[in-house]
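Chain by chain, the residues:
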Amino acid sequence: MRHLVRIFRTFIAVYVFEKVLFRNKIRELYLVLSGHIYFQTLAAAVRLGVFDIINSRKRITKDELAGLLKIEEKPCRILLLGLTSLNLLKKKGEFYYNSKLAEISFVSSSPKCINNIVNWQNFINYKAMPYFYESILQNTNVGLKEFPGNGTTLYERLASHPELEQVFQLAMEDISRQANQQLLENLDLSNTKFAVDIGGGAGENIMKLVKANEHLKGGVFDSPSVAALARDNFKNHGLSTRLTAYEGNCFHDPLPKGPDCFILCHFLTIWSLEKNYKLIQNVYNTLPDGGKLVIFNMMQNNNETGPMSASMGSPYFLTLATGEGMLYTWNEYLQLIRKAGFSKIKVSKLPMHHGLLVAEKT
């Protein structure tokens with residue numbers, strides 16, 4: 001009898017587990033099939049300032065929110081339905097509250113707010129991603145046709161769209177801000193005098209590093225329009241005497257002379273392995289003995305099965321950014337570094353699927 005009871009209990013446990021698991025899988029399928037709808041629900045809420053409004057009032061009714069947004073009751077109801085089903089809002093009685101996730105991620109005063117990243121996805125990436133199929137077939141960034149202008153990459157084309165370039169740079173600054181605390185905590189620059197961030201954008205990373213290392217000078221090396229943004233940023237933060245913005249193309253123009261450290265943050269994912277090798281080789285040849293190459297990036301697992309951040313980011317690089325890049329594996333980066341001539345390499349696995357590789361020229 002006890003044997004039968006144990007079998008029955010095991011059967012019930014397996015049945016409940018499979019039922020719950022299957023329900024979760026169905027929810028995942030809904031999110032995949034209707035991802036465009038759910039993302040636009042989030043994007044609309046960010047643009048309307050829904051999370052900030054609720055944060056300022058702590059709780060709100062549907063009618064109160066509709067009044068503040070100056071929209072009709074039905075669209076407000078549809079928006080709130082989507083946000084609650086996504087667990088971004090909670091509802092008790094007639095009142096709506098921000099979830100903890102919304103407080104952290106979508107309230108503009110939060111240090112971990114990603115609203116600028118949502119806007120980047122909405123105004124730039126979403127226009128291009130319908131061309132993912134064609135990009136797979138042609139192995140190039142077909143989605144770039146959504147952004148008229150000169151050049152074969154998104155970064156070149158954005159120079160013809162100042163408003164979108166601003167959207168892009170704000171998102172890149174937020175991505176850097178979210179991740180560069182890890183860089184600060186794990187990168188030792190005590191013996192470095194001058195560091196240049198290649199593709200450093202408006203300078204978020206290098207400013208953080210210079211502020212944390214009082215002896216350090218540095219700069220960014222980027223396209224002319226982006227370098228101009230960096231100069232303004234350095235000036236606004238009172239760092240013009242310690243930071244320089246160099247203009248150029250890192251694959252065609254000489255790298256700045258003098259730095260004993262070159263940094264590549266979230267940059268090598270943009271380009272092909274062939275171009276990355278060319279750049280790393282150029283860094284090696286430019287550095288003095290004892291100089292450092294720093295690579296900080298999200299990493300793909302060596303077995304090429306994930307993580308999700310790699311699978312989410314890689315289609316963007318193929319379909320829009322350049323048509324060349326993706327998130328590469330740890331081993332691929334290590335092979336490039338060694339091939340370029342570096343032999344002394346420190347590898348650090350960090351949170352948020354990030355990795356830090358520091359190679360010294362000996």
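Everything discussed here concerns the structure shown above.
Here the structure is a predicted model, which is why all the values come from computation and not from measurement. (Residues numbered from 1 in each chain as written. Predicted model: local features only at pLDDT ≥ 70, side-chain atom pairs only at ≥ 80, totals over all residues. Heavy atoms only, no water.)

**Student:** Looking at this model, I keep getting lost on the overall build of the chain. Mind explaining?
**Tutor:** For the chain, the count of helices and strands is 15 helices and 10 strands. With the principal axes as the frame, the chain shows a C-alpha extent of 70 × 65 × 45 Å. The 362 residues of the chain split such that 47% are buried. In the form shown here, the chain has an accessible surface area of approximately 19,400 Å², with 56% of it arising from carbon and sulfur atoms. On the chain, the mean spot of the 41 positive side-chain charges and the mean spot of the 32 negative ones are 8 Å from each other. (Helix = DSSP H or I, 4+ residues; strand = E, 2+ residues; numbered from the N terminus. Buried < 20%, exposed > 50% of the residue type's maximum accessible area, 1.4 Å probe, protein only. Areas by Shrake-Rupley, 256 points an atom, 1.4 Å probe, with all protein chains shown as cover. Lys, Arg positive; Asp, Glu negative; His and termini not counted. Charge placed at Lys NZ, Arg CZ, Asp CG, Glu CD.)

**Student:** Which parts of the structure should I look at to understand the sheet that holds strand β1 (residues 60–61)?
**Tutor:** In a beta sheet, neighbouring strands are held together by backbone hydrogen bonds and run either parallel or antiparallel to one another. The sheet built from three strands is open, its strands ordered β1-β3-β2 with antiparallel pairing. Of all the strands in the sheet, the pair left with one neighbour each is β1 and β2 (89–92). Note: β1 against strand β3 (residues 95–98), two bridges, orientation antiparallel. Note on β3: the bridge partner recorded for Ile60 is Tyr96. Docked against the sheet, helix α3 (residues 50–57) engages β1, β2 and β3, running at close to 105° with respect to β3. (Pairing = 2+ DSSP bridges. Contact = heavy atoms within 4.5 Å. Axes fitted to C-alpha atoms, helices over the stretch in contact; angles between N-to-C directions.)

**Student:** Explain the packing of aromatic side chains here, please?
**Tutor:** Here the distance between the centres and the angle between the planes together describe a pair of aromatic rings. A full pass over the atoms with the stated rule returns 11 aromatic pairs. Plain terms: the ring middles of Trp120 and Tyr316 are 5.4 Å apart, the flat faces sit at 80° to each other, and that makes the pair edge-to-face. Pair noted here: Trp120 is in helix α7 (residues 115–128) and Tyr316 is in helix α14 (residues 308–321), with a separation of 196 residues, a long-range link. Between Tyr155 and Phe168 the ring centres are 5.6 Å apart and the planes differ by 65°, which places this aromatic pair in the edge-to-face class. Here Tyr155 is found in helix α9 (residues 154–157), whereas its partner Phe168 is found in helix α10 (residues 162–186), with 13 residues between them in sequence. For Tyr155, a relative accessible area of 23% puts it in the partly exposed group. Its relative accessible area of 6% is what places Phe168 among the buried residues. Taken together, Trp120, Tyr155, Phe168, Phe251, Phe267, Trp271, Tyr316 and Phe317 form an aromatic cluster joined through their ring pairs. Over the face of the ring belonging to Phe95 we find Arg59, whose NZ or CZ atom lies 3.7 Å from the ring centre. (Phe/Tyr/Trp six-rings, centres within 6.5 Å; stacked < 30°, edge-to-face > 60°. Lys NZ or Arg CZ within 6 Å of the ring centre and 35° of its normal.)

**Student:** I keep staring at the sheet that holds strand β4 (residues 194–198) and nothing clicks. Help me out?
**Tutor:** Within the open sheet, the seven strands sit side by side as β6-β5-β4-β7-β8-β10-β9. Their pairing is mixed. Among the strands making up the open sheet, the edge pair consists of β6 (243–247) and β9 (344–349). On average, each strand axis in the sheet is inclined to that of its neighbour by 20°, with strand direction left out of account. As paired strands, β4 and strand β7 (residues 261–265) are joined by three bridges and run parallel to one another.

**Student:** I keep staring at the packing of α10 against helix α12 (residues 224–236) and nothing clicks. Help me out?
**Tutor:** Their axes nearest at 12 Å, the elements α10 and α12 cross at an angle of 60°. With respect to α12, the axis of α10 lies oblique. Here α10 runs over α12; the crossing is right-handed. Contacts between α10 and α12 involve Glu165, Gln169 and Glu173 on the former and, on the latter, Ser225, Val226, Leu229 and Asn233. (Parallel < 35°, antiparallel > 145°, perpendicular 65-115°, else oblique. Left-handed = near helix turned anticlockwise from the far one by under 90°.)

**Student:** What is the right way to look at helix α4 (residues 62–69) in this model?
**Tutor:** Residues lying three or four places apart along an α-helix face the same way, a consequence of the helix completing one turn every 3.6 residues. Inspection of α4 places Leu65, Ala66 and Leu69 among the buried residues, and these make up the whole buried set. Along the long axis of α4, the arc covered by the buried residues comes to 100°, so they all point the same way. Residues of α4 that are buried sit in contact with α2 (35–48), α3, β1 and α5 (73–85). Looking one or two residues past α4, Lys70 carries a phi angle of roughly 60°, positive in sign. (Arc of directions from axis to C-beta.)

**Student:** How do you make sense of the nonpolar core when you look at a structure like this?
**Tutor:** One broad trend across soluble globular proteins is that nonpolar side chains are buried collectively. If you look at the biggest cluster of nonpolar residues, it comprises 48 residues, and the most contacted ones within it are Ile124, Leu154, Ile198, Phe267, Leu279, Leu293 and Phe342. When residues in this core are grouped by element, the largest group, six residues, is from helix α15 (residues 330–340). Apart from the residues lying within four places of it in its own chain, the contact partners of Leu293 are Phe262, Leu264, Ile280, Val283, Leu287, Ile337, Phe342, Leu357, Val358 and Ala359. (Core = buried A, V, L, I, M, F, W, Y, C linked by side-chain atoms within 4.5 Å.)

**Student:** Just checking my understanding: could you explain the pairing of β6 for this structure?
**Tutor:** Moving residue by residue along a regular strand, the side chains alternate between the two faces of the sheet. Pairing analysis gives five bridges linking strand β5 (residues 217–222) to β6, with the strands arranged parallel. By the bridge assignment, Val220 is partnered in β6 with Ala245. The parallel pair β5 and β6 is bridged by α12, and the resulting crossover is right-handed. (Right-handed = clockwise from strand over helix to strand, strands pointing away.)

**Student:** Where do I start with the pairing of β4 in this structure?
**Tutor:** Counting buried residues along β4, four of its five residues qualify, which places the element largely inside the surrounding structure. Sheet topology places β4 next to β5; five bridges connect them, and they run parallel. Each residue of the ladder has a partner; that of Val196, found in β5, is Gly219. Taken together, β4, helix α11 (residues 204–212) and β5 constitute a β-α-β crossover, and its handedness is right-handed.

**Student:** Looking at this model, I keep getting lost on the pattern of salt bridges. Mind explaining?
**Tutor:** Pairing between side chains of opposite charge can happen when their charged atoms approach one another. According to the stated counting rule, one finds nine salt bridges in the structure shown. Across the salt bridge formed by Glu103 and Lys100, the nearest N and O atoms sit 3.8 Å from each other. A residue pair is termed a helical-turn pair when its members lie 3 or 4 positions apart in one helix, as Glu103 and Lys100 do in helix α6 (residues 100–105) at three residues. Exposure remark for Glu103: the relative accessible area of 34% places this residue in the partly exposed category. Linking Arg177 and Glu173 is a salt bridge whose minimum nitrogen-to-oxygen distance equals 3.9 Å. Of this pair, Arg177 and Glu173 both sit in helix α10, four residues apart, which is roughly one turn of that helix. Judged by its relative accessible area of 34%, Arg177 is partly exposed. According to the relative accessible area criterion, Glu173 is buried, its value standing at 18%. Through salt bridges with shared partners, one network takes in Glu173, Asp174, Arg177 and Glu204. (Salt bridge = Lys/Arg side-chain N within 4 Å of Asp/Glu carboxyl O.)

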